[in-house]
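This is what each chain is made of:
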Amino acid sequence: MNILNLIRIAFKALQRNKLRAFLTMLGVIIGVASVIAMVAIGQGSKQSIQTQLSSMGSNMITVLPSSNVAGGARLGGSSVQTLTIDDVKALQKQAANISFISPAAISSGQSIFGAFNWPTTIYGVSPSYLDIRQWELTDGIPFSEEDVRASAKVCLIGQTVVTNLFPNGESPIGKIIRFNNLPFQVIGTLAAKGQSSFGQDQDDVILAPYTTVQKRILATIYFRTIYASAINESASDAATDEITAILRKTHRLRNSDENDFQVRTMAELISALSSTSNLLTILLTAIAGISLVIGGIGIMNIMYVSVTERTREIGLRMSIGARGIDILMQFLIEAIMISITGGLIGVALGITSAKLITIFLSWPTLVSESSIILSFAVCAFTGVFFGYYPAQKASRLDPIEALRYE
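Residues numbered from 1 in each chain as written. Predicted model: local features only at pLDDT ≥ 70, side-chain atom pairs only at ≥ 80, totals over all residues. Heavy atoms only, no water.

Named according to an unreviewed UniProt entry, the chain is FtsX-like permease family protein originating from Chitinophaga oryziterrae. Word for word, the UniProt comment on the chain under Sequence similarities (unreviewed entry) is "Belongs to the ABC-4 integral membrane protein family." Here the chain is described in UniProt, under the heading Subcellular location (unreviewed entry), as follows: "Cell membrane". (UniProt positions renumbered as here; feature names shortened; annotations may be inferred.)

The structure is reproduced here in structure tokens:
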């Protein structure tokens, strides 16, 4: 008996029990749809993290004060102040793998314009900060090195600040806003960047010369952070080594001393977050894969029922010349057809679910070809694996006993 005839017989057998066949497929449908949707969520979040971190500056290197041992007690990083303008000047002069560098003095407070106010964060930075963050202006001009030297009271504001301080749509350029009662003239507005991977609104910010923020708001000589940009992505590791060596020298650390600063690259952050995202994707996929196993058990169960119901049919086919392999292939094809059909419906449902998740929940999703191919391969394997034993049992029935079965 050829394959086409076996496929026709299997198709007719499934047609006779449409509802039962559909209910059997349901486990496979749910399993495949769940796997595709879960993988899409995981891949989408991974891509979103990489895109957002790259938008912060793919070559960006961050230097932070670090915890260190003092008097036998370890101090927290927030209580240590180690970064000064001398560090910035040393890096500018000696680091060959750095293209831009900017210190950052940061303070939170209330911004006010007329009757409107908004709690926000002011970053005291140098003009190079815009190059490091790859941040463009939508209007106005950036402040200059001359503004930094003069501790000028000028600023650039993000779109969230624009929306809340100038809700009537007027241009902020040239207007005077106040931050913690210190007046600043708005000379430019920043292009929108949206939320970061950590849920932080990147547009809720004011940028001003670091000397102004240090002297007039914080009254300190220390910086919260130093931002730098490597000359290219491949030079990030070399730039990190340079920064570490230079800062250890400027901080007069002995060989046995721990660093009192941390140097982080975007590549490290992307790698760490991607690893977490991959682990989450594997976990979600494994949970969704349980549905496929349950679907496979359902296929095995229904094939056992089918073999029992059609015992006389099996005996009749054997009595007119059907071989054991023909009977085995007949029931195996039925199991595979149930599995593959359920897989097709599951793929369509999974893709639709991923799109609906993006539309209604605003979660990033990415349906990859590999997840679809993998789901199909698992469906075929499920049909063969769970359908083989009932099919083998059918093929080994004694024809005479089968014909006597009632």
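Teacher, can you tell me more about the nonpolar core here?
It is characteristic of soluble globular proteins that their nonpolar side chains tend to be buried jointly. If you look at the biggest cluster of nonpolar residues, it comprises 58 residues, and the most contacted ones within it are Ile 157, Ile 177, Leu 207 and Ile 243. Looking at this core element by element, the count peaks at six residues for strand β4 (residues 98-113). Once you skip the residues sitting within four places of it in the chain, Ile 157 turns out to touch Val 162, Phe 166, Pro 172, Ile 177, Val 186, Gly 188, Thr 189, Leu 190, Val 205 and Ile 206. Grouped together as the second largest cluster of nonpolar side chains are 32 residues, Ile 29, Ile 302, Ala 335 and Val 347 included. (Core = buried A, V, L, I, M, F, W, Y, C linked by side-chain atoms within 4.5 Å. Buried < 20%, exposed > 50% of the residue type's maximum accessible area, 1.4 Å probe, protein only. Helix = DSSP H or I, 4+ residues; strand = E, 2+ residues; numbered from the N terminus. Contact = heavy atoms within 4.5 Å.)

Would you explain the packing of aromatic side chains in this entry?
Two measures describe an aromatic ring pair: the distance that separates the ring centres and the angle between the ring planes. A complete count under the given rule lists seven aromatic pairs for this structure. A ring pair is formed by Phe 385 and Phe 386, whose centres lie 5.0 Å apart and whose planes are at 85°; its orientation type is edge-to-face. Take Phe 385: its relative accessible area is 48%, and that puts it in the partly exposed class. Put simply, the rings of Tyr 123, Tyr 129 and Tyr 227 pair up and form one aromatic cluster. The ring of Trp 135 carries Lys 193 above its face, with NZ or CZ at 5.6 Å from the centroid. (Phe/Tyr/Trp six-rings, centres within 6.5 Å; stacked < 30°, edge-to-face > 60°. Lys NZ or Arg CZ within 6 Å of the ring centre and 35° of its normal.)

How should the packing of helix α3 (residues 85-94) against helix α8 (residues 236-250) be read in this particular structure?
Helices that pack against each other are described as a pair by the angle of their axes relative to one another and the distance between those axes. At their nearest, the axes of α3 and α8 sit 10 Å apart, and the two run at 135° to each other. One way to sum up the angle between α3 and α8 is to call them oblique. In this structure, α3 crosses over α8, and the sense of that crossing is right-handed. Every residue of α8 that contacts α3 at Asp 87, Ala 90, Leu 91 and Gln 94 is listed here: Ile 243, Ile 246, Leu 247 and Thr 250. Residue classes in the contact of α3 with α8 are distributed as five nonpolar, two polar and one charged. (Axes fitted to C-alpha atoms, helices over the stretch in contact; angles between N-to-C directions. Parallel < 35°, antiparallel > 145°, perpendicular 65-115°, else oblique. Left-handed = near helix turned anticlockwise from the far one by under 90°. Nonpolar A, V, L, I, M, F, W, Y, C, P; charged D, E, K, R; others polar.)

Just checking my understanding: could you explain a nonpolar patch on the surface for this structure?
Together, Leu 19, Phe 22, Leu 23, Leu 26 and Ile 30 make up a nonpolar patch on the protein surface, roughly 470 Å² of accessible area in all. Topologically, Leu 26 is positioned in helix α2 (residues 18-55). On the accessibility criterion, Leu 26 (32% relative accessible area) is partly exposed. (Patch = residues over 30% accessible without salt bridge, like charges linked within 9 Å, V, L, I, M, F, W, Y side chains within 5 Å. Areas by Shrake-Rupley, 256 points an atom, 1.4 Å probe, with all protein chains shown as cover. Salt bridge = Lys/Arg side-chain N within 4 Å of Asp/Glu carboxyl O.)

Looking at this model, I keep getting lost on the side chain of Ser 368. Mind explaining?
Of note, Ser 368 is situated in the loop between α11 (324-361) and α12 (369-395). For Ser 368, the side chain forms a polar contact with the side chain of Ser 370, separated by 3.1 Å. (Polar contact = N/O pair within 3.5 Å; in protein donor to acceptor, adjacent residues only side chain to side chain.)

Is there a simple way to think about α3 in this case?
Within α3 the residues assigned to the buried category are Asp 87, Val 88, Ala 90 and Leu 91. What you see down the axis of α3 is that its buried residues fit within an arc of 165°, all on one side. In α3, the exposed residues that point more than 90 degrees away from the buried face are Asp 86, Lys 89 and Lys 93. Those residues of α3 hidden inside the fold are in contact with β4, β11 (225-230) and α8. (Arc of directions from axis to C-beta.)

Sorry, what's going on with helix α10 (residues 311-319) here?
Along an α-helix, a turn takes 3.6 residues, which lines up residues three or four apart on a common side. Along α10, the residues that are buried comprise Thr 311, Ile 314, Gly 315 and Met 318. Burial along α10 is one-sided: seen end-on, the buried residues are contained in an arc of 100°. Following α10 by one or two positions, Gly 321 has its phi on the positive side, about 115°.

Would you take a moment to explain the environment of Ile 320 for this structure?
Note on placement: Ile 320 falls in the loop between α10 and α11. Judged by its relative accessible area of 69%, Ile 320 falls in the exposed class. Residues Ile 320 and Pro 399 lie 79 residues apart in sequence; the distance between their C-alpha atoms is 9.9 Å.

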